[in-house]
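Here is how the chains run, residue by residue.
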Amino acid sequence: MKIIVTAGPTREPIDPVRFIGNRSSGKMGYAVAAAALRRGHSVVLISGPVAIAPPAGVKLRKVVTAREMLADVRSRLPWCDALVMTAAVADWRPAVCARMKIKKTGEGALLRLKPNPDILKAVAPRKGRRIFVGFAAETGRLRTEALRKLREKKLDMIVANDVGRPDSGFEAETNRVVLFSAGGEETQLPLMAKTKIAARIIKWIERRQSRGVMADNCACAERAESV
Ligand code: PMT
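Residues numbered from 1 in each chain as written. Predicted model: local features only at pLDDT ≥ 70, side-chain atom pairs only at ≥ 80, totals over all residues. Heavy atoms only, no water.

Q: How would you sum up the overall build of the chain? Please name residues and give values.
A: Helix and strand counts for the chain stand at five helices and 14 strands. Relative to the globule expectation of 17 Å for 227 residues, the C-alpha radius of gyration of the chain, 19 Å, shows essentially globular dimensions. Considered along the principal axes of its C-alpha atoms, the chain spans approximately 80 × 35 × 35 Å. Taking all 227 residues of the chain together, the buried fraction comes to 44%. Put simply, 61% of the contacts in the chain that link residues at least 6 apart link residues at least 24 apart. Surface summary for the chain: the accessible area is close to 12400 Å², and the carbon and sulfur share equals 54%. Charged side chains of the chain number 42 positive and 22 negative; the gap between the two group centres comes to 5 Å. (Helix = DSSP H or I, 4+ residues; strand = E, 2+ residues; numbered from the N terminus. Rg over C-alpha atoms; globule rule 2.2 N^0.38 Å. Buried < 20%, exposed > 50% of the residue type's maximum accessible area, 1.4 Å probe, protein only. Contact = heavy atoms within 4.5 Å. Areas by Shrake-Rupley, 256 points an atom, 1.4 Å probe, with all protein chains shown as cover. Lys, Arg positive; Asp, Glu negative; His and termini not counted. Charge placed at Lys NZ, Arg CZ, Asp CG, Glu CD.)

Q: Tell me about the packing of aromatic side chains, residues and numbers included.
A: Taken as a whole, this structure holds zero aromatic pairs when the rule is applied. The ring centre of Phe-132 lies 5.5 Å from the NZ or CZ of Lys-127, which sits over that ring. (Phe/Tyr/Trp six-rings, centres within 6.5 Å; stacked < 30°, edge-to-face > 60°. Lys NZ or Arg CZ within 6 Å of the ring centre and 35° of its normal.)

Q: So what's going on with the site of the ligand? Which residues, and what values?
A: Taken together, 27 residues are adjacent to the ligand, and Ser-24, Ser-25, Lys-149, Asn-161 and Lys-194 come closest. Separating an oxygen atom of the ligand from a backbone N or O atom of Gly-26 is a distance of 2.8 Å. At 2.6 Å from an oxygen atom of the ligand is found a side-chain nitrogen or oxygen belonging to Asn-161. In isolation the ligand has 770 Å² of accessible area, and contact with the protein removes 96% of it. Ranked by residues supplied to the shell around the ligand, first place goes to strand β9 (residues 131-138) with four residues. Tallied by class, the residues present in the shell around the ligand amount to twelve nonpolar, eight polar and seven charged. (Near = heavy atom within 4 Å. Polar contact = N/O pair within 3.5 Å; in protein donor to acceptor, adjacent residues only side chain to side chain. Nonpolar A, V, L, I, M, F, W, Y, C, P; charged D, E, K, R; others polar.)

Q: I'd like a rundown of the sheet that holds strand β4 (residues 42-47), residues and numbers included.
A: The sheet built from eight strands is open, its strands ordered β5-β4-β1-β6-β9-β10-β12-β13 with mixed pairing. Edge strands, defined here as strands with exactly one partner in the open sheet, are β5 (59-62) and β13 (186-188). Here the average twist between neighbouring strands, direction ignored, is 15°. Here strand β6 (residues 82-85) pairs with β9 via four bridges, running parallel. Looking at β9, one finds that Leu-83 is bridged to Phe-132. Against the sheet, helix α4 (residues 142-152) contacts β9, β10 (157-162), β12 (177-181) and β13, and its axis sits at roughly 150° relative to β10. (Pairing = 2+ DSSP bridges. Axes fitted to C-alpha atoms, helices over the stretch in contact; angles between N-to-C directions.)

Q: Provide a residue-level description of unusual backbone geometry, including the pertinent values.
A: In the Ramachandran plot, Arg-141 falls in the positive-phi region, its phi being about 50° despite a non-glycine side chain. On the secondary structure map, Arg-141 appears in the loop between β9 and α4.

Q: Describe the nonpolar core, and please don't skip the residues or the numbers.
A: Judged by nonpolar contacts, the single largest core of 30 residues is most densely connected at Val-5, Val-32, Val-84, Val-133, Val-159, Ile-201 and Ile-205. The element that contributes the greatest number of residues to this core is helix α1 (residues 27-38), accounting for seven residues. In this structure Ile-201 touches Val-32, Val-133, Phe-135, Met-157 and Val-159, once residues within four positions along its chain are discounted. Counting residues in hydrophobic clusters, the runner-up holds 24 residues, among them Cys-80, Leu-120, Ala-136 and Ala-160. (Core = buried A, V, L, I, M, F, W, Y, C linked by side-chain atoms within 4.5 Å.)

Q: Would you mind going over the pattern of salt bridges in detail, with residue names and values included?
A: Summed over all chains, the structure comprises 18 salt bridges. Arg-23 is paired through a salt bridge with Glu-171; the nearest N and O atoms lie 2.8 Å apart. Of the two residues, Arg-23 is situated in the loop between β3 (19-20) and α1 and Glu-171 in the loop between β10 and β11 (174-175); the sequence distance between them amounts to 148 residues. Look at Glu-171 and you get partly exposed, because its relative accessible area is 40%. With its nearest N and O atoms 3.7 Å apart, the salt bridge here joins Arg-165 to Asp-162. Note on Arg-165: relative accessible area 38%, which makes it partly exposed. One connected set of salt bridges, linked through shared partners, spans Lys-121, Arg-141, Glu-145, Arg-148 and Glu-152. (Salt bridge = Lys/Arg side-chain N within 4 Å of Asp/Glu carboxyl O.)

Q: Provide a residue-level description of the pairing of β4, including the pertinent values.
A: Moving residue by residue along a regular strand, the side chains alternate between the two faces of the sheet. For β4, the tally of buried residues reaches five of six residues, placing the bulk of the element in the interior. Pairing geometry for strand β1 (residues 2-7) and β4, over six bridges, is parallel. Directly across from Lys-2, in β4, lies its bridge partner Ser-42. Two elements, β4 and β5, share four bridges in a ladder whose sense is parallel. Bridge pairing links Val-44 to Lys-59 in β5.

Q: Any details on a nonpolar patch on the surface? Residues and values, ideally.
A: Judged by side-chain polarity, Trp-92, Leu-111 and Leu-113 come together as a nonpolar surface patch covering roughly 300 Å² of accessible area. Checked against the element boundaries, Trp-92 lands in strand β7 (residues 92-94). (Patch = residues over 30% accessible without salt bridge, like charges linked within 9 Å, V, L, I, M, F, W, Y side chains within 5 Å.)

All we've got here are geometric facts, nothing functional implied.
This is the structure we're talking about:
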């Protein structure tokens, strides 16, 4: 399969030296890309700024902001069979990015933010038969929020992670996730290495893809019989 994986944070500039960002290290997304490569898939990894090396064999696209990530996902979407959105995309960006470094005045400062585009929602109308997998980073109401995002973002599966604990979510080597599929499956995984969770996600995508192919073959056979 041809798979796009997004990873890492996005950075939204305040001025030439400052930005709004988040704690995503890229570990989860890079593990998904590595797991897909190990299974023989072609992988484009669209990554925000991280400090880890990309897996050998991946086609790496480096981006900084949410809007750059959206542009890259959009332009590569026609190529892919599956999109896995592991990136922690900033939901807001500063309404204005100052051209020069903002000077310290000794006073407080207010930063006006405006919403960033939602990448998954933006590409949903062009989903077609592609498999879309999202992540939900939650600190409470994990199931409710994950199911809402699964529905609203028109995903085939969402990987809900509890990011309020030190051993899961951002920066950790391990993660604690529940997989919710659009078909109603719910799989709670124990605390596991991100590499193991990544392999489970890729396996799920492969199964989902082969079910789709089988359904196509059955439909073809039925059509042939009725001719
Ligand atoms: O990088 P690590 O340190 O290993 O940490 C991994 C992780 C915690 C970042 C990862 O496991 C994770 O949870 N990624 C999703 C983070 C996130 O943005 O979650 P969300 O619930 O805010 O977003 C839901 C989904 O919408 C995500 O698939 C996200 O990529 C996508 N999204 C979000 C905002 C936006 N503007 N556009 C989007 O497409």
